Amino acid sequence: MPVALRDLLLDPSLRLRLRAGASALERVVRCVAVTELADPTPWMTGGELVLTTGLRQRTAGAQSAFVERMATAGASGIGFGIGLSHPAVPRATVVEAERLGVAVLEVPYETPFIAINQLVVERVSAEDHSRQRRLVEQHDLLAEALLSGDGLVGLLRALRRTTGCEVAVVDRHGVLLAGVPQRAARLAAAVGAGAGGAGAGGAGAGGAGAGWAGAGGAGAGGAAGPGLAASGLAAPGLAASGLAAPGLAGSGLAAPDSAAIGLVDRDSPICLPVPVDGIVVAHLCLRSIGDAADVLPFAVRLVGLELARRQSLLAGRRELVGQVLQDIVRDVIEPATAERRLEAFGLDPKRAHRVILGCLAPGDAGRPPDAGAQDGGLGGAPGGKMDGQQDDQRLARLPWSTGSRPGGAEPVLTAVVGRYLVAVLPQAKPAQEVAPQLAGLLSAVDRRAAVGIGGSYRGVDGLRWSYLEAQAALGRGPGVHQGDPLNLPRLLLSNPDLPLRQLGAEVLRPLTEFDAAHRGELVATLHGYLTADCSVQAVADQLCVHRNTVRYRLDQIERLTGRSLGSMQDRVQLWLALLACGEQHEQGQQGQQRGQREHGR
């Protein structure tokens, strides 16, 4: 037990007597300070038993002022030595101490100040040693529980015995990963209710649930996802201590220390962030801290260790599933073999499934995996091989799921294929539920993240079609996009083994070189002409030019490319070239904007 003023008063060897402040005898003495200064407060930090003989306290005013300064500085009490400067404790000191509630102990001449200091040091050292021993025992208990084979549940059972309160671990979406006792599952419901409707990149000041005090959390732009970050389930004062849920991810937050946890009321509920690789993946929630403030940082680290282990398993699983999906998309695996490999991961290929793709920076994301390494024409992939490898590593370890229950399979099968994080959903799982979660997760790493949603189809071929639809949707830029039904041109362009981009660039090279040299709009005119079903008038209206100008440009296109726009075969080749090079949207918009500006003049 910590040493209190009452313990010193009751020690017969010190022969101390109480002169004032009986109500303050339970104050803890952190250390002893001996001073004869009139104002020692600049060197005080609180909790000191201040010993003095009153050498500079010759007047009643000086005596009262000294007591007031001690009260303001947070001293645990005053020990006044008699027989040197004063024959007894001055009356002004006693009166002021009674008024301010400061304990004053009379120290007889026969008791040296060093004896009091030695006793306090011994008691404090013994208490510190006892606390450290208990802490080591608690650490061993928690570590053994985690390694016992029961994993997260075993750890929480041991923590429950230590704290005596409900404990739970919820992931960043408010899904319960483990809770002890069983009724701790209500914490997950409280998290979900507090989330309000906050989506990725949003903020919520939702009310607290199940008796939890609300702190009103807010997500950091683009990083907050639905769930605990917006639920306001942190205790009052938690935000000030830096322990409030910081939003989804990616803050580089370290595990909290006991000093910060100690700032929270011991009877208040608390949610502590659990970081893995610098990203907050879950929260450890307790109904109250009690006397467990010292052990909680270690508990948070153990929870992070267990979740990191699960994440490593998940990353390996994603890689294996990704290899199967990549073979399916490339059509280099027999359907029967693909079905057996998918069934090994719990996916029934005979049922309808939907593919959702996410990538960190869309750019050329609507292109096939690894296509950037082959491209030598227009719009090459941003970054290079090293960027792609870094994306793969980040995607593989993203905390998309840590399992719906301890040891359970992940709710949504995920994989990494090239630059893409892939989620395969059964038809019964709503894409509108999963896609925003995936977008919020990726946005915590890169605000330019994009998510594409494919259609729902049966069989191995259906997975390929859905994948390609989702891949095409990524080309629309950041955000969540629903893919259009697959068509033959898109199917051709999705094949990374065909050099369509290079061929397309070569077909359009005379036009792009002419446009670059003469600030022309031949590519924009070609795109408008083909998309308007070869209507000269429609292209003229779109580009805000005369019909004769359009006809002149079409003649130039035929002359430069050596292809006839009256031939269906040549028109198909030109259209595929536009699609392959990705020029149609950008050049068409630029040409239309220039035409409108010229028309305005």
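Residues numbered from 1 in each chain as written. Predicted model: local features only at pLDDT ≥ 70, side-chain atom pairs only at ≥ 80, totals over all residues. Heavy atoms only, no water.

**Q** Give me the sheet that holds strand β3 (residues 48-52): which residues, what numbers.
**A** One open sheet holds the five strands; their spatial order is β1-β5-β4-β3-β2, and the pairing between them is mixed. The outermost strands of the open sheet, each flanked by one partner alone, are β1 (17-20) and β2 (31-34). Neighbour-to-neighbour, the strand axes of this sheet turn through a mean angle of 30°, independent of strand direction. In the packing of helix α3 (residues 91-100) onto the sheet, contacts are made with β1, β4 (77-81) and β5 (104-107), and the angle to β1 comes to roughly 75°. (Pairing = 2+ DSSP bridges. Helix = DSSP H or I, 4+ residues; strand = E, 2+ residues; numbered from the N terminus. Axes fitted to C-alpha atoms, helices over the stretch in contact; angles between N-to-C directions. Contact = heavy atoms within 4.5 Å.)

**Q** How would you sum up the pattern of salt bridges? Please name residues and give values.
**A** Evaluation of the coordinates by the stated rule reveals 25 salt bridges. Measuring nitrogen to oxygen at the nearest pair gives 3.0 Å for the salt bridge that ties R19 to E106. Highlighted residues: R19 in strand β1 and E106 in strand β5, separated in sequence by 87 residues. Exposure remark for R19: the relative accessible area of 32% places this residue in the partly exposed category. In this structure, R99 and E96 form a salt bridge, with 2.5 Å as the shortest nitrogen-oxygen distance. (Salt bridge = Lys/Arg side-chain N within 4 Å of Asp/Glu carboxyl O. Buried < 20%, exposed > 50% of the residue type's maximum accessible area, 1.4 Å probe, protein only.)

**Q** So what's going on with the packing of helix α13 (residues 500-518) against helix α17 (residues 568-581)? Which residues, and what values?
**A** The packing of two helices is summarised by the inter-axis angle and the distance between the axes. Two elements in contact, α13 and α17, have axes separated by 8 Å at closest approach and are oriented at 120°. The pairing of α13 with α17 is recorded here as oblique in orientation. Two packed elements cross with a definite hand, and for α13 against α17 that hand is left-handed. Where α13 approaches α17, its residues L500, R501, G504, A505, V507 and L508 are matched on the opposing element by L574, A577, L578, A580 and C581. Its residues assigned to classes, the contact of α13 with α17 shows nine nonpolar, one polar and one charged. (Parallel < 35°, antiparallel > 145°, perpendicular 65-115°, else oblique. Left-handed = near helix turned anticlockwise from the far one by under 90°. Nonpolar A, V, L, I, M, F, W, Y, C, P; charged D, E, K, R; others polar.)

**Q** Give a detailed account of the packing of aromatic side chains, specifying residues and quantitative values.
**A** According to the stated counting rule, one finds two aromatic pairs in the structure shown. Ring geometry for Y420 against Y467: centres 6.4 Å apart, planes inclined by 70°, an arrangement best described as edge-to-face. Taken as a pair, Y420 in strand β12 (residues 420-426) and Y467 in helix α11 (residues 459-474) lie far apart in primary sequence, 47 residues in all. An identical accessibility class is assigned to Y420 and Y467; each is buried. Ring centres of Y457 and W465 lie 5.8 Å apart, and the angle between their planes is 90°; this geometry places the pair in the edge-to-face category. (Phe/Tyr/Trp six-rings, centres within 6.5 Å; stacked < 30°, edge-to-face > 60°.)

**Q** Please set out the confidence of the model for the chain residue by residue, giving values where relevant.
**A** Confidence along the chain averages 77 in pLDDT terms, with 72% of residues attaining 70 or more. Overall, residues 191-254 carries pLDDT values under 50, and its contacts beyond four positions in sequence, including any with other chains, amount to 152 contacts. (pLDDT = per-residue confidence, 0-100.)

**Q** Would you mind going over the sheet that holds β12 in detail, with residue names and values included?
**A** Taken in spatial order, the five strands line up as β11-β12-β10-β13-β14 in an open sheet, and their pairing is mixed. Of all strands in the sheet, those with a lone pairing partner are β11 (413-417) and β14 (479-482), marking the two edges. The sheet shows a mean angle of 25° between the axes of neighbouring strands, direction not considered. Packed onto the sheet, α11 meets β10 (352-359), β11, β12, β13 (450-458) and β14 and runs at close to 155° relative to β13.

**Q** Could you give an account of the nonpolar core, naming the residues involved and the relevant values?
**A** With 35 residues, the main nonpolar core has L142, L152, L159, V169, L284, L286 and L307 as its most contacted residues. Among the secondary structure elements, those contributing two or more residues to this core are α4 (113-163), β6 (167-171), β7 (176-180), β8 (270-276), β9 (279-286) and α7 (296-330). Looking at this core element by element, the count peaks at 10 residues for α4. With residues up to four places along the chain from it excluded, the contact list for L142 reads L155, A158, L159, V295, F298, A299 and L302. Among the nonpolar cores identified, the runner-up in size contains 26 residues, and C359, V417, L463 and Y467 belong to it. (Core = buried A, V, L, I, M, F, W, Y, C linked by side-chain atoms within 4.5 Å.)

**Q** Could you give an account of the environment of D484, with specific residues and numbers?
**A** By secondary structure assignment, the location of D484 is in the loop between β14 and α12 (488-493). Taking the C-alpha atoms as reference points, D484 and A473, separated by 11 residues in sequence, lie 7.3 Å from one another. In this view, D484 contacts E469 and R476; residues no more than four positions away in its chain are not counted. Side-chain polar atoms of D484 contact the side chain of R476, separated by 2.9 Å. (Polar contact = N/O pair within 3.5 Å; in protein donor to acceptor, adjacent residues only side chain to side chain.)

**Q** Give me the lowdown on α4, citing residues and values where you can.
**A** Compared with the 75 Å implied by 1.5 Å per residue over 51 residues, the 40 Å span of α4 between its first and last C-alpha is markedly short. At D150, α4 shows its largest kink, close to 140°. (Expected span 1.5 Å × (residues − 1). Bend = angle between axes of the 7 residues up to and from the residue.)

**Q** So what's going on with α11? Residues and values would help.
**A** Between its first and last C-alpha atoms α11 spans 23 Å; for 16 residues at 1.5 Å apiece the expected length is 22 Å, and the two agree. Among the 16 residues that make up α11, 13 are buried, leaving the element largely enclosed by the rest of the structure.

**Q** Explain the side chain of T111 residue by residue, including any values.
**A** Residue position: T111 is located in the loop between β5 and α4. The class of T111 is buried, set by a relative accessible area of 6%. Only 2.8 Å separates the side chain of T111 from the backbone oxygen of L14, close enough to count as a polar contact.

**Q** I'd like to hear about unusual backbone geometry, residue by residue, with values.
**A** A negative phi holds for most residues other than glycine; trans holds for most peptide bonds. Between V180 and P181 the backbone carries a cis peptide bond, its omega angle lying at -5°. Relative to the helices and strands, P181 is located in the loop between β7 and α5 (186-194). One non-glycine residue with positive phi stands out, namely D533, at about 55°. Tracing the backbone shows D533 in the loop between α14 (522-531) and α15 (536-543). Backbone geometry places C534, a non-glycine residue, at a positive phi of 65°. Considering the arrangement of structural elements, one finds C534 in the loop between α14 and α15. For C534, a relative accessible area of 26% puts it in the partly exposed group.

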